[in-house]
Structures are given as structure tokens and as C-alpha cells.
Amino acid sequence: MPKRSPSSLNPRAPLVLDTRDLPRRPGALRTHRRVVPAPADLGVELISVPEGADLDLDLRLESVSEGVLVSGTITGPVQGECGRCLRAIDYSVVVNVQELYAYPDSTTDDTTEEDEVGRIQDDLIDLEPALRDAVVLTLPTNPLCREDCPGLCPECGVHWDDLPADHSHQEIDPRWASLSQLNRTEE
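Bear in mind that the values here come from a model prediction, so they are computed numbers and not experimental data.

What follows is about the overall build of the chain. Counting its secondary structure elements, the chain contains two helices and nine strands. Helices (α) and strands (β) of the chain occur, in sequence order from the N terminus, as β-β-β-β-β-β-β-α-β-β-α. Scored against the burial criterion, the 187 residues of the chain give a buried share of 32%. Considering only intrachain contacts with a sequence separation of at least 6, the fraction spanning at least 24 residues in the chain is 59%. For the chain, the exposed area adds up to about 12,300 Å²; of that, 47% sits on carbon and sulfur atoms.

Below, the structure written as C-alpha cells:
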């Protein structure tokens, strides 16, 4: 099965890493620390990393026999809303990332599918897909402002924490409404 030619990477893009200064002998390593702007749509429906927010990358690039192993942490702000009460959520997330990027014409071309392993293109690594996978998979699909969030009253929509303990909504079925008058005493 012929491999399709990947599009060329922009070496100035914030999430593109240059490996030219990394020797190709196994065991050689370099560290990269940088702050980059977060790409668009880095999250799920209720919670995400805001586009353009600062992401701290603390990465280690290590030569291995088949390519470059990138590992390290990504730290950044997360914003969203609680899935129960819709209050704002704002915190910082730290995500571990570890991804192998294969050299062109390495044996991984024969032993893996094209999308199983990242590929080095012209000595450049596109970190965005690995970053996106790591961050998005870490975020909760139903985020909570706190573990014991009681949510909203389904009748009036007010947060349960803001309501008195005896709060209730008693609705009388209109078919039985006239019977409720029987227990009333005349004044």
C-alpha cells in the first residue's frame, strides 16, 4: 500500500519541533521548554483550553532506533461550566504526553499503519495532534464545579445551595384540585 505524501510543516509554527540539533544515535536527548498559544477547539463541549491561552511545554526529545520519542508535560488553563449547575469552572491542567515520531523510511513504515505513529517530516515534528489527544482525553465530559455539586432545582432553575432546606414545589393535579378544598375550614 503506497504511503501518501504528507504536507510540509511550517518550522515557525508554535507546535512544530525541530530535530536537526538532535543526533540520530539512540540515547541522545534534548529538552525543550517553551510557552505556546493554545490551538482552537482544544476541549469538549462544556470545558476547554481557551484559544490562544498560554500552554507551558516541558518536553524531552530522545533519539531511539526508529525515530524520536517525545515525552513530558503540558500545563495550561481550563475554562468551562459545571454540568450540573452551569457555574463557571476555571483551573489549570497538567497533562503527560509521550509519542514516538518515526524517521522517514524506518522499519515502522512496514510494521505500522500510517496513522498509528507520528512521522518526522524534513526533521520537523508536528506536536499538535499528540497535544490535542492528551489534553482532550484528560478533560471530563461532564465537568463539576465541585464533587458534591447539588445542581439546580428542576422546577425553578435556582441553584440548590441558594435555596432554603424546605424548598419544594407542590403542584396539584388539576383533576384533583377541587378535592383539596374539602379539607379547608370556613372562617
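Turning to the pattern of salt bridges, a few remarks are in order. Applying the stated rule across the entire model yields eight salt bridges. In this structure, the salt-bridge partner of Arg 146 is Asp 161, at a minimum N-O distance of 2.7 Å. Placement of the pair is Arg 146 in the segment after α2 (128-138) and Asp 161 in the segment after α2, with a sequence separation of 15 residues. Residue class for Asp 161 comes out partly exposed when judged on its relative accessible area of 38%. Among the ionic contacts, a cluster of salt bridges with common partners joins Arg 146, Asp 148 and Asp 161.

On to the packing of aromatic side chains, then. For the coordinates displayed, the defined rule picks out zero aromatic pairs. Across the ring face of Tyr 103, the terminal group of Arg 24 is positioned such that the distance to the ring centre comes to 4.1 Å.

The next point concerns the pairing of strand β7 (residues 88-102). Relative to β7, strand β6 (residues 67-81) is paired through 15 bridges, and the arrangement is antiparallel. By the bridge assignment for β7, Val 78 is matched with Tyr 91. The hairpin turn running from β6 into β7, its antiparallel successor, is six residues long, and Leu 86 in that turn takes a positive phi close to 70°. The pairing of β7 with strand β8 (residues 118-119) spans two bridges and is classified as parallel. Pairing of Ala 102 across the sheet is with Arg 119, part of β8.

Cut-offs applied
Residues numbered from 1 in each chain as written. Predicted model: local features only at pLDDT ≥ 70, side-chain atom pairs only at ≥ 80, totals over all residues. Heavy atoms only, no water. Helix = DSSP H or I, 4+ residues; strand = E, 2+ residues; numbered from the N terminus. Buried < 20%, exposed > 50% of the residue type's maximum accessible area, 1.4 Å probe, protein only. Contact = heavy atoms within 4.5 Å. Areas by Shrake-Rupley, 256 points an atom, 1.4 Å probe, with all protein chains shown as cover. Salt bridge = Lys/Arg side-chain N within 4 Å of Asp/Glu carboxyl O. Phe/Tyr/Trp six-rings, centres within 6.5 Å; stacked < 30°, edge-to-face > 60°. Lys NZ or Arg CZ within 6 Å of the ring centre and 35° of its normal. Pairing = 2+ DSSP bridges.

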